[in-house]
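Overview (structure and organization)
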Amino acid sequence: MKTETPQPIHLTDYRPVPYLIDSVDLDFQLHPDATQVRARLSLRPNPASTTNNAPLVLDGEKIVLQSLVLDGALLQPSQYRVGEQSLTIANVPAAPFTLEIVTTCNPAANTELSGLYVSGGVFCTQCEAEGFRRITYFLDRPDVMARYTVRMEAERASVPVLLSNGNPREDGLIGGTTRHYAVWDDPFPKPSYLFALVAGDLGAVHDTFTTMSGRDVSLGIYVLKGNEDRCAWAMESLKESMRWDERRFGREYDLDVFNIVAVPDFNMGAMENKGLNVFNDKYILANPETATDADYVNIEAIIAHEYFHNWTGNRITCRDWFQLCLKEGLTVFRDQEFTSDLRSRAVKRISDVKTLRARQFPEDNGPLAHPPRPSAYIEINNFYTPTVYEKGAEICRMMLTLIGEQAFRKAMDLYFARHDGEAASVEQFVACMSDASGRDLSQFFTWYTQAGTPSVTAEGHYDAASKQYTLTLEQQVKPTPGQEQKQPLHIPLGIGLVGPDGADMPLDLDGVGTLNTPLIELRDQRQTFRFNNVAKRPVLSLNRGFSAPVKMEATLAMADELFLMGHDSDSFNRWEAGQRLGRKLVLDAYRGTAAEADVAAYAAALKKIIDDPAVDDAFKALMLVLPSEGEIAAALGAEVDTDKVHGARDGLRTALAAHLDGELGAIWQRTGEPGPYRPDPASTARRGLRQAALALMVMGNAKRGIALALAEFEAAHNMSAEMGALAALMQVDCPERETALDRFHARHAHEHLLIDKWLMLNAQAQGPNAAARIEALTRHPDFRWTTPNKVYALLSGFVGGNPAGFNAEDGSGYRVIADAIIRLDAINPQVASRLATGFRSCKLLNSSRKSAAQAELARILAEPSLSRDVFEIVSKIAGS
Ligand SMILES: [Zn+2]
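Below: a short report on this structure.

Conventions and cut-offs
- Residues numbered from 1 in each chain as written.
- Predicted model: local features only at pLDDT ≥ 70, side-chain atom pairs only at ≥ 80, totals over all residues.
- Heavy atoms only, no water.
- Core = buried A, V, L, I, M, F, W, Y, C linked by side-chain atoms within 4.5 Å.
- Buried < 20%, exposed > 50% of the residue type's maximum accessible area, 1.4 Å probe, protein only.
- Helix = DSSP H or I, 4+ residues; strand = E, 2+ residues; numbered from the N terminus.
- Contact = heavy atoms within 4.5 Å.
- Axes fitted to C-alpha atoms, helices over the stretch in contact; angles between N-to-C directions.
- Parallel < 35°, antiparallel > 145°, perpendicular 65-115°, else oblique.
- Nonpolar A, V, L, I, M, F, W, Y, C, P; charged D, E, K, R; others polar.
- 1 Å grid on protein atoms, 1.4 Å probe; cavity = no way out; pocket = protein on both sides within 12 Å on 5 of 7 lines; lining within 4 Å.
- Points joined across faces, edges and corners; volume = space filled by probe spheres on them.
- Pairing = 2+ DSSP bridges.

For the rest of this paragraph, the subject is the nonpolar core. Core analysis: the largest hydrophobic core is formed by 175 residues, its most contacted members being F429, I520 and F531. Considering each element in turn, this core owes the most residues, 10 residues, to helix α5 (residues 386–403). Once residues lying within four places of it in the same chain are set aside, the contact partners of F429 are L326, L330, C396, M399, M412, Y415 and Y448. The next biggest cluster of nonpolar side chains, apart from the first, holds 119 residues, and it includes V586, A692, F713 and V870.

Pasting the structure below:
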């Protein structure tokens, strides 16, 4: 906690570290409330450093120094200085030397879940980004890569399992005591943020994997006892990930063991520590009775993501935290490709774009906007953002689109060959793309350094006489905080000219000739493209596959949008045309200019898609969902009344449900569960369509819909069906909803992951007094402020999943969340600041809401000992 105003750290201030650490020997005497850590470090002056004989300044916080020995000699307190966040030794040798540091810490009291803590009785660590300094004094920055040996000693009975990074070397009993020990070696140099230790009474499942060069790797998943039978899906996903990385990127696993541990208290989703991934247990545990289809898909993707980090993040890490998107953007891109290869590429692309629009676009459009590679931060934990992750992945995807599949693979091979074992920068990564392809990517690089979502305006004109189609594109990025002036970006745009029969016409670009790849590149602010020999008037299909993360401002007539919705050969743009139309119709309803004929035409187009047996169920389900309330608010841009947005969107859904009554009923009839639950893509798609239909049926004919949902809930024998029925009920304020929620709680009172789902359902319940429900639930015995999953389910679930409730005009939603942020900041600042980002879009709202939000932000800022984390987020939003 700081009392002075926290100061930002700048990318331009990066300097090579004055000392390097070659090896680290750690010895842990594990006790829940007083763990002793002995660290033996081999240091030497860094030849790349520009400062000679610099004092040695080690990072450290919330640990107690016991002793310090330099080259065998005990240092006296006069020879060093211990500060609140550092340990400084003024004089150290100009040649290699060893330093032995003994410290103690209190894992049981660590509610911030950063460093060494206890979760469910298990010792566990989280070191990214700056948690290792809470374990020992260290040069805690990613460009210090060392080899680690870890020895752990603990009570044999209560802590039988002792795990760390790398390969196990030895273990045994400590004679004459109740304690035992284990030693682990990691042969690969790594930064301190990838250190991990897990120790406790854990159950495990084991398997093996044979790599492409024939090495056997032993795989383990460790869970709290009693959960062993819920790890099969995670294990299958792990093996699938290992196979895929060999096949697609030629990357083989490098240690003898790969272990995963699932713990109930975790700030993030999961962590890629070398050879010992630690997971939030909701992303490991699954069986049909407790996990939904979405859980199965998420588990598969997150296991893959953390595994893929072994090469993109661990073998090649980041030079500094400004380069975070180097590992995260690239690894998200890799996990997206993994899911696309395993499941439906079109459906995956659409759901990724939905996520981008729900999370990243609002960030880019508000006071928290920052480039994928930021240039300054106060607290790095605040930069694990959708921009760094999801927009970072979009940038990798655009490079693939620009240079092509083959050159991209060549570039990745070059990156691994050139930088293995190094802490790299985004520039070095892009240089590989450029060197392998021969393409100049200097203008493209601006994507990494410029914040804001570009909007691209397209104007097409067809001249029947000359058979020429002229397309004029213009790009623009609105100013973002600290970046008034914007540069034109290098934007790859997938394109199709769709003929009257629905087929794509040849693309004969003036001055270029026939395009081999249906792609144009917008590089100037305004640019015109002429296509020759266009036989008939085309309908423009632009940004196919969402080739660039931009907002397209096309001015297509409604008839053309309906045509694309029915005929575009690009599935993404088929869906996109439906979204644009849906958005237009909600906006019309909001403004009171809705035309019944337009709604009927839209419903008719949906009907055709539903009735088309060639279209898969997952795509149909996506077509039945209108753009979110957040997207509608962003499209309105200012003075938004969130109640009216909710009403307009639901009003359109009610009208569509009436038009589609027969189709929805038919879907319901044919999508029942034919046998035991299976998480395969086709079954998942079928259930997704069933749930989308049910959600609409509840809107169309509430009485019948509620009865169907209740019957489905009662008969359900898998969690997907149970949750689908309940989610549909949450849309309407009715007594049946409360009964069902109570029944769900009673059924699953002993399953902590299902209690989280129950909290999340409550958070989404629509109707008046939503904030009062949330406030009451924070006092429920099942809610715990110290468990991030509970906070995310109830409070983040309310902020993100109930925009009308959170933005209630009387300010009740803001008040409840502000109270929670203040309370959480003293327990876990990372969780508190994440919750605070929920206020980021309040400048879009009407004045009564805006001022209610501002008052709550001011109340948070007035707190006397605010963390850096919350201060940075709240001050940026309040100051905008
Ligand atoms: Zn990651």
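The next thing to look at is the packing of α5 against helix α7 (residues 426–437). Taken N-terminus to C-terminus, the directions of α5 and α7 make an angle of 10 degrees; their axes are 11 Å apart at the nearest point. Judged by the inter-axis angle, α5 sits roughly parallel to α7. Mapping the contact onto sequence places C396, M399 and I403 in α5 and F429, V430, M433 and S437 in α7. Looking at the contact of α5 with α7, its residues break down into six nonpolar, one polar and no charged.

In this structure, the second largest pocket occupies an estimated 930 Å³ of space. Lining the second largest pocket are 35 residues; nearest its centre among them are I9, D59, E130, R133 and R141. Put simply, the parts of the chain that give the lining of the second largest pocket at least two residues each are β1 (9–10) and β4 (56–59). Take the lining of the second largest pocket: its biggest share by element is three residues, from β4. Here the lining of the second largest pocket is built from residues that sort into 16 nonpolar, five polar and 14 charged.

Below, the discussion takes up the packing of helix α3 (residues 324–342) against helix α4 (residues 345–364). Two elements in contact, α3 and α4, have axes whose closest approach is 7 Å; the angle formed by their N-to-C orientations is 145 degrees. Residues Q336, E337, T339, S340 and D341 of α3 touch α4, and the partners they reach there are R345, K348 and D352. Here the residues of the contact of α3 with α4 sort into no nonpolar, three polar and five charged.

Below, the discussion takes up the sheet that holds strand β30 (residues 519–522). Strands sit in the order β30-β27-β32 across an open sheet of three strands; the sheet is antiparallel. Lying at the two open borders of the sheet, with one neighbouring strand each, are β30 and β32 (539–542). Going across the sheet, the axis of each strand differs from the next one's by a mean of 35 degrees, ignoring polarity. Bridge count between strand β27 (residues 491–498) and β30: four bridges; the pairing is antiparallel. When the bridges of β30 are listed, L493 appears paired with I520. Lying over the sheet, helix α9 (residues 558–567) contacts β27 and β32, oriented at roughly 60 degrees with respect to β32.

With that out of the way, let us pick up empty space enclosed by the protein. All told, the structure shown has one cavity of 30 Å³ or more when counted by the stated rule. Space inside the largest cavity adds up to approximately 80 Å³. Together, L540, S541, L542, M552, A554, L556, L564, D568, N573 and R580 line the largest cavity. Taken together, the elements giving at least two residues each to the lining of the largest cavity come down to β32, β33 (551–554) and α10 (571–591).

Moving on, we come to the sheet that holds β4. The sheet built from three strands is open, its strands ordered β4-β8-β7 with antiparallel pairing. The outermost strands of the open sheet, each flanked by one partner alone, are β4 and β7 (80–82). Averaged over all pairs of adjacent strands, the angle between their axes in this sheet comes to 15 degrees, without regard to strand direction. By the bridge criterion, three bridges tie β7 to strand β8 (residues 86–89) in an arrangement that is antiparallel. For Y80, the partnering residue across the bridge sits in β8 and is I89.

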